[in-house]
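# Tertiary structure, described
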Amino acid sequence: AGIIQLSEWNCDSDLLDPMCGSGTFLIEAAMIAKNYPPNYSRNNFLFQNWKDFDVELFDSIKKSVIKKIKKINFKIYGYDSSHSTVKKAVLNIKEAGFENYISVKKEDFFNTKKDFDKKLYLIFNPPYGERLTVNIESFYKNIGDTLKKNYSNSTASFITSNLKSLKFIGLKHKRKIKLYNGKLESRLATYELYEGSKKKN
Ligand SMILES: C[S@@+](CC[C@H](N)C(=O)[O-])C[C@H]1O[C@@H](n2cnc3c(N)ncnc32)[C@H](O)[C@@H]1O
């Protein structure tokens, strides 16, 4: 959690998680963009049973917080190549109450293309070889190639715990920060994709 806040996305462009898994990043993005207070969908709090609980005060605070909820006029969307994962993401998004703001589709990121001119922010957490399901070298090279060829005028950030993988991307990063994904040392790397992004070297 907190990856969206660490990214450079400012709620001012469409946001795509092209390998969205269960949809955590998408939900976090929608929470931030809508300015939802924590526990927004929760109806009961223990403190409501306190003897001195002030219903009117609680209602007025709730109203003022609800007033601060924002409209969003950009898209938050995700892809995942696994059909069952997409189904899970759809359920999670519904449970979080964001089905009107987030859409998810079964797609192989490597076969997708940005088909509009305006700016896009991509944020994701690619497989990092934990279950040896992907060949890290070709997979990360493919990420770099797809971003470069199909996603110009975008910013892409991804977090990986496979520190070696970054050298296969073939793009020059704009920013790289060290973080921990649980106990795993990770990097959040950000790339700026211009028309004809320069290859490293
Ligand atoms: C580490 S998980 C992402 C976890 C996600 N951030 C979450 O919060 O659940 C990586 C995901 O990438 C998906 N994936 C792998 N190859 C893909 C591809 N070529 N295109 C789209 N998704 C892919 C996997 O199905 C998996 O769900």
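Since we're looking at a predicted model, the values are computed, not measured.

Here is what the cut-offs are and how they apply
- Residues numbered from 1 in each chain as written.
- Predicted model: local features only at pLDDT ≥ 70, side-chain atom pairs only at ≥ 80, totals over all residues.
- Heavy atoms only, no water.
- Near = heavy atom within 4 Å.
- Polar contact = N/O pair within 3.5 Å; in protein donor to acceptor, adjacent residues only side chain to side chain.
- Areas by Shrake-Rupley, 256 points an atom, 1.4 Å probe, with all protein chains shown as cover.
- Nonpolar A, V, L, I, M, F, W, Y, C, P; charged D, E, K, R; others polar.
- Phe/Tyr/Trp six-rings, centres within 6.5 Å; stacked < 30°, edge-to-face > 60°.
- Helix = DSSP H or I, 4+ residues; strand = E, 2+ residues; numbered from the N terminus.
- Buried < 20%, exposed > 50% of the residue type's maximum accessible area, 1.4 Å probe, protein only.
- Lys NZ or Arg CZ within 6 Å of the ring centre and 35° of its normal.
- Core = buried A, V, L, I, M, F, W, Y, C linked by side-chain atoms within 4.5 Å.
- Contact = heavy atoms within 4.5 Å.
- Pairing = 2+ DSSP bridges.
- Axes fitted to C-alpha atoms, helices over the stretch in contact; angles between N-to-C directions.
- Salt bridge = Lys/Arg side-chain N within 4 Å of Asp/Glu carboxyl O.

Among the 17 residues in the neighbourhood of the ligand, the closest are listed as Ser22, Thr24, Asp80, Asp108 and Phe109. At 2.9 Å, a side-chain N or O of Asp108 approaches a nitrogen atom of the ligand. Within the contact set of the ligand, a nitrogen atom lies 2.9 Å away from a backbone nitrogen or oxygen of Phe109. Alone, the ligand offers 600 Å² of accessible surface; in the complex the protein occludes 82% of this. Classifying every residue of the shell around the ligand gives seven nonpolar, seven polar and three charged.

This brings us to the packing of aromatic side chains. Counted by the stated rule, this structure contains 18 aromatic pairs. Judged by centre distance (5.9 Å) and plane angle (55°), the ring pair of Phe109 and Phe124 falls under tilted. Highlighted residues: Phe109 in the loop between β3 (102-106) and β4 (120-124) and Phe124 in strand β4, separated in sequence by 15 residues. The same class applies to Phe109 as to Phe124, namely buried. A connected cluster of aromatic rings, assembled from ring pairs, spans Phe109, Phe110, Phe124, Phe139, Tyr140, Tyr151, Phe158 and Tyr191. Across from the ring centre of Tyr77, 4.3 Å away, lies the NZ or CZ of Lys75, which sits over that ring.

Below, the discussion takes up the nonpolar core. Counting 27 residues, the largest nonpolar core has Trp9, Ile76, Ile102 and Val104 as its most contacted members. For this core, the leading source of residues is helix α2 (residues 24-34), giving six residues. Discounting residues that sit within four places of it in the chain, Trp9 has contacts with Ile4, Asp14, Leu15, Ala29, Ala33, Phe74, Ile76 and Tyr121. Leu16, Tyr79, Phe139 and Leu166 belong to the second largest nonpolar core, which has 23 residues in total.

Once that is clear, we can look at the sheet that holds strand β6 (residues 175-181). In space, the seven strands of this open sheet follow the order β3-β2-β1-β4-β5-β7-β6, with mixed pairing throughout. Both edges of this open sheet fall to β3 and β6, since each of them pairs with a single strand only. Adjacent strand axes in the sheet meet at a mean angle of 20°, parallel and antiparallel pairs treated alike. Where strand β1 (residues 14-17) and β4 come together, three bridges link them in parallel fashion. Paired with Asp14 across the two strands is Leu120, which belongs to β4.

On to the pattern of salt bridges, then. Applying the stated criterion across every chain yields a total of eight salt bridges. In this structure, Arg175 engages Glu8 in a salt bridge whose closest nitrogen and oxygen atoms are separated by 3.0 Å. Placement of the pair is Arg175 in strand β6 and Glu8 in the loop between α1 (3-6) and β1, with a sequence separation of 167 residues. Between Lys141 and Asp145 there is a salt bridge, with its nearest N and O atoms 2.9 Å apart. You can see Lys141 and its partner Asp145 sitting in helix α5 (residues 136-150), four residues apart, about one turn around the helix. Classification of Asp145 as buried rests on a relative accessible area of 14%.

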